[in-house]
Amino acid sequence: MPDPCFSLDGEDVPFIPGETVLQAATRAGHYIPHLCWHPDFPAHGSCRLCSVKVDGRSGAACTVRAAPGQEVQSNTEELNGHRKTLLQMMFVEGNHFCPSCEKSGNCLLQATAYQMGMEGPHFEEFYPDRPVDASHPDIMLDFNRCILCELCVRASHAVDGKDVFAIGGHGIGTHLLVNSESGKLADTTMTLDDRAADICPVGVILPKRRGFVIPIGQRRYDAKPVSEQVQGAQSQDSVQ
Ligand code: SF4
Ligand code: FES
């Protein structure tokens, strides 16, 4: 029996029962913007970039289960407009200086902003005062770029079994924490081969002594927009 299908922007997408709309769409090569979702981890549903209309009602494509005959709209002017606004809010909430960031060209936030046609921050910048943690011999942390996707928290817990990271604070004060008495990465057991070390979709968790080995201009999203690299979504975290 053929796989059941739902419709995504008018195209049939087959799915395996139990899959979410985003999982099935990605497997079939269709791009739905997302930031906190990663195919190796359960959905987190926090960034809302993947919001779609399912039979006319809003839902996060990473959490809504695919169902036969469902009509899903994603690539519409209205939804892309909301996504652009969300991205602009993320950019002003942190300190994202793309031209000087080691992740430029490999950053999912930057690539998604280009994809959504974001040309400027629109809102007033917050310029939060966030420290850099360079205490670890092999890994540096630049908290200025954190978008609170919790992928590092999930990877460190579920794969590395170390719980190096956690999220603390509330509301606008929500921030990423290092789980050590000093709060420094050097006082954890984190190593470069941890899953958490190469999962960050932006430029927070970076290996030392490898900066700009691949020049800006020759990186993943310099070559092709994120919407044309859907099948490579699985490896989006290994491009430092
Ligand atoms: Fe996500 Fe990176 Fe922030 Fe961790 S450090 S929560 S992976 S953006
Ligand atoms: Fe679905 Fe973030 S990818 S809410």
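Refer to the structure above for everything that follows.
## So, the sheet that holds strand E7 (residues 139–142)
Pairing is antiparallel in the open sheet, where three strands are placed in the order E6-E7-E10. With partners counted over all chains shown, the strands left at the sheet margins are strand E6 (132–133) and strand E10 (205–207), one partner each. Here E7 runs beside E10; their pairing, made up of three bridges, is antiparallel. Each bridged residue has a counterpart across the sheet, and for Ile139 the counterpart in E10 is Pro207.

## A word on the site of ligand 1
The environment of ligand 1 is formed by Cys146, Ile147, Leu148, Cys149, Glu150, Cys152, Leu176, Cys200, Pro201, Val202 and Val204. For the shell around ligand 1, the class distribution of residues is ten nonpolar, no polar and one charged.

## Quick word on the side chain of Asn95
Residue placement: Asn95 occurs in the loop between helix H2 (77–93) and helix H3 (108–115). In this structure Asn95 comes out as buried when scored by relative accessible area, which is 9%. Separated by 2.8 Å, the side chains of Asn95 and Asn144 make a polar contact. Apart from residues no more than four positions distant in its own chain, Asn95 is found in contact with Tyr127, Pro128, Asn144 and Arg145.

## Quick notes on the sheet that holds strand E2 (residues 11–14)
Spatial ordering of the open sheet is given by E2-E1-E5-E3-E4, a layout of five strands whose pairing is mixed. A strand with exactly one partner marks an edge of an open sheet, and here the two such strands are E2 and strand E4 (57–60). Sheet twist, expressed as the average angle between the axes of neighbouring strands with direction ignored, equals 35°. With two bridges joining them, strand E1 (residues 5–8) and strand E5 (residues 71–73) adopt parallel strand pairing. Bridge assignment links Ser7 to a residue of E5, and that residue is Glu71. Each of strand E3 (51–54) and E5 is contacted by H2, which is oriented at about 155° to E3, the strand it contacts most.

Rules behind the numbers
Throughout, a residue's number is its position along its own chain's written sequence, starting from 1. Here the convention is simple: chains get letters from A, ligands get numbers from 1, in the order in which they are written. Totals for whole chains, interfaces and linings use every residue, but because this is a predicted model, local features are given only for residues with pLDDT of at least 70 and side-chain atom pairs only at 80 or more, for both listing and counting. Side-chain metrics in this entry use all non-hydrogen atoms of the structure; hydrogen atoms and water are not considered. Here the rule is simple: two strands pair whenever DSSP picks up at least two bridges between them. Runs of H or I in DSSP of at least four residues are treated as helices and runs of E of at least two as strands, each being numbered from the N terminus. It suffices for a single heavy atom of a residue to lie within 4 Å of a molecule or strand for the residue to be listed as near it. Think of it as three bins: nonpolar holds Ala, Val, Leu, Ile, Met, Phe, Trp, Tyr, Cys and Pro, charged holds Asp, Glu, Lys and Arg, and polar takes everything else, Gly as well. Exposed residues in this analysis have more than 50% of their type's maximum accessible area, buried residues have under 20%, and partly exposed residues fall in between, with area computed by a 1.4 Å probe over protein chains only. Here a polar contact is taken to be a pair of N or O atoms separated by no more than 3.5 Å, where protein atoms must pair a possible hydrogen donor with a possible acceptor and residues adjacent in sequence count only if both atoms sit in side chains. In this description, contact between two residues means that some pair of their heavy atoms is separated by no more than 4.5 Å. Geometry is summarised by axes, namely lines fitted to C-alpha atoms with helices restricted to the contacting stretch, and by angles between N-to-C directions that run from 0 to 180 degrees.

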